[in-house]
Amino acid sequence: DPKSAYRIRTMFRNEDGEYFGSAVQIVDSQYYARLLQDRVGLEDYYNAYVHAKNRGLSSAAGCHFEELLHQLFHKRPNPIQSVLESTGAGAQGLDQLTEFFCYWIPSIPNFANIDAALVIRDRKQGSVAVWCLQYTVSEEHSFNSRTFLIKFLRPLLKNFRLCQVTVKILFVVPGDVYSNFKLPQEVADSGYEGTAQFADCSSVEAVQGLFERLEFINKPVTFFDDPPTAQRARQ
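To start, this report covers the structure provided alongside it. In this text the structure is predicted, and so the values were computed from the model without any measurement. (Residues numbered from 1 in each chain as written. Predicted model: local features only at pLDDT ≥ 70, side-chain atom pairs only at ≥ 80, totals over all residues. Heavy atoms only, no water.)

### Looking at the overall build of the protein chain
- Across its full length, the protein chain carries nine helices and nine strands.
- Taken over 235 residues, the protein chain has a buried fraction of 47%.
- Excluding contacts between residues fewer than 6 apart, the proportion of contacts in the protein chain whose partners are at least 24 apart in sequence is 58%.
- Carbon and sulfur atoms provide 47% of the accessible area of the protein chain, an area that totals close to 12,900 Å². (Helix = DSSP H or I, 4+ residues; strand = E, 2+ residues; numbered from the N terminus. Buried < 20%, exposed > 50% of the residue type's maximum accessible area, 1.4 Å probe, protein only. Contact = heavy atoms within 4.5 Å. Areas by Shrake-Rupley, 256 points an atom, 1.4 Å probe, with all protein chains shown as cover.)

### Quick word on helix α5 (residues 145–160)
- Approximately 30° is the largest bend angle found in α5, and it occurs at Leu 153, with the proline Pro 155 only one to four residues beyond.
- Buried residues of α5: Ser 145, Phe 148, Phe 152, Leu 153, Leu 156, Leu 157 and Phe 160, and no others.
- Lining the buried residues of α5 we find α4 (90–95), β4 (102–105), β5 (116–122), β6 (127–135), β7 (166–174) and α7 (185–189).
- Arg 161 lies just past α5 and shows a positive phi near 55°. (Bend = angle between axes of the 7 residues up to and from the residue.)

### Comments concerning the pairing of β6
- Within β6, eight of the nine residues are buried, leaving the element largely enclosed by the surrounding structure.
- Relative to β6, β5 runs antiparallel, the two sharing seven bridges. Within β6, the position partnered with Arg 121 by the bridge is Val 128.
- If you look at the hairpin formed by β5 and β6, you'll find four residues sitting between the two strands, and Gly 126 has a positive phi there, around 70°. (Pairing = 2+ DSSP bridges.)

### Observations regarding the pairing of β7
- By the criterion of burial, β7 is predominantly enclosed, with eight of the nine residues buried.
- As judged from the seven bridges shared by β6 and β7, these two strands associate in the parallel manner. From the neighbouring strand, Trp 131 faces β7, where its bridge partner is Lys 168.
- Handedness of the crossover joining β6 and β7 through α5: right-handed.
- In terms of strand pairing, β7 meets strand β8 (residues 193–199) through seven bridges, oriented parallel. Considered in β8, the bridge of Phe 171 is made with Ala 196. (Right-handed = clockwise from strand over helix to strand, strands pointing away.)

### Some words on the packing of aromatic side chains
- Within this structure, the stated rule accounts for 15 aromatic pairs.
- For the pair Phe 73 and Phe 216, a centre-to-centre distance of 6.5 Å together with 20° between the ring planes defines the contact as stacked. Highlighted residues: Phe 73 in helix α3 (residues 58–73) and Phe 216 in the loop between α9 (210–213) and β9 (231–232), separated in sequence by 143 residues.
- Accessibility expressed as a relative area gives 6% for Phe 216, which makes it buried. (Phe/Tyr/Trp six-rings, centres within 6.5 Å; stacked < 30°, edge-to-face > 60°.)

### Quick word on the environment of Gly 175
- By the secondary structure assignment, Gly 175 is in helix α6 (residues 175–178).
- Its relative accessible area of 34% is what places Gly 175 among the partly exposed residues.
- Remark: the alpha-carbon pair of Gly 175 and Cys 201, spanning 26 residues in sequence, is separated by 6.5 Å.
- When residues no more than four places from it in sequence are discounted, the contact partners of Gly 175 are Phe 198 and Ala 199.

### Considerations on unusual backbone geometry
- A cis amide bond links Asn 78 to the next residue, Pro 79, at an omega of 15°.
- Note on placement: Pro 79 falls in the loop between α3 and β3 (82–85).
- Positive phi, normally seen in glycine, also occurs at Arg 76, with a value near 55°.
- Considering the arrangement of structural elements, one finds Arg 76 in the loop between α3 and β3.
- One non-glycine residue with positive phi stands out, namely Arg 161, at about 55°.
- Relative to the helices and strands, Arg 161 is located in the loop between α5 and β7.
- Residue class for Arg 161 comes out exposed when judged on its relative accessible area of 77%.

Next up, the structure:
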C-alpha cells in the first residue's frame, strides 16, 4: 500500500519496458535505513535521497536527507572526535551523551525538535556552546521551545554539570530549498541563536562541502586519521 505509514521500501521501474536490471528500490523507513548504514555508504544514501526527491516522495526524501548527513558526519571533521548513536528511550539516549566534541544522534527521530547535537568547549575562552542540528527538506519547520527545554536542554546541562551555555539551533536544508527557507520565529523568541545552512546536493562530492560552511568545524577542514566509526551505546 503506497499510502501506508508502515511501508518499508518502494521500487521504481524504468520506462524501457524491462523489469529485472532496470528498477531501483529505496528504503522508505528511516529506522531500517539507519540499520543498513554498516552495509551502505554515503553514495547509497545520496542516491536514495535523489530518487525519492525526483519521484515527489517528500517523506522518504526527508528521511534519506537526514541519514545522508548523519553518514557525512561519520567522517568526523575536526573538532568532532566521535559519533554516538544513542539507544533506548529518548531520555535514556540523552543520558548517553557525556562527552564534549561528540556528534550525538538521538535514539528517537526528531527528539525534542532536533536530529543531532554536539557540545563544544572552548578552553581558551572558558565557554561552552551547544549546537543542535535539524535536517529538513521543507521550506518551513516548526520548533517547540518548551519541549526542547524540558526534554533536551535541562537534562543535558544537568548531565554535563553546566550552568551557562550558548545554544545554537542550526537548520540544514538542500541547496534548492535554502533561499526560501524560513527560520521558526520561536527560536529567536526563546533567546536561542538560530541559523540556516545548505547542503549542495548536486552530487555526492558537493554534499561534503557543507563542512566548509559550518561555523563549528575547524578550517581548513581536516579529518581524524583513524577509520571513521560510530559507537552504538549500550542500553
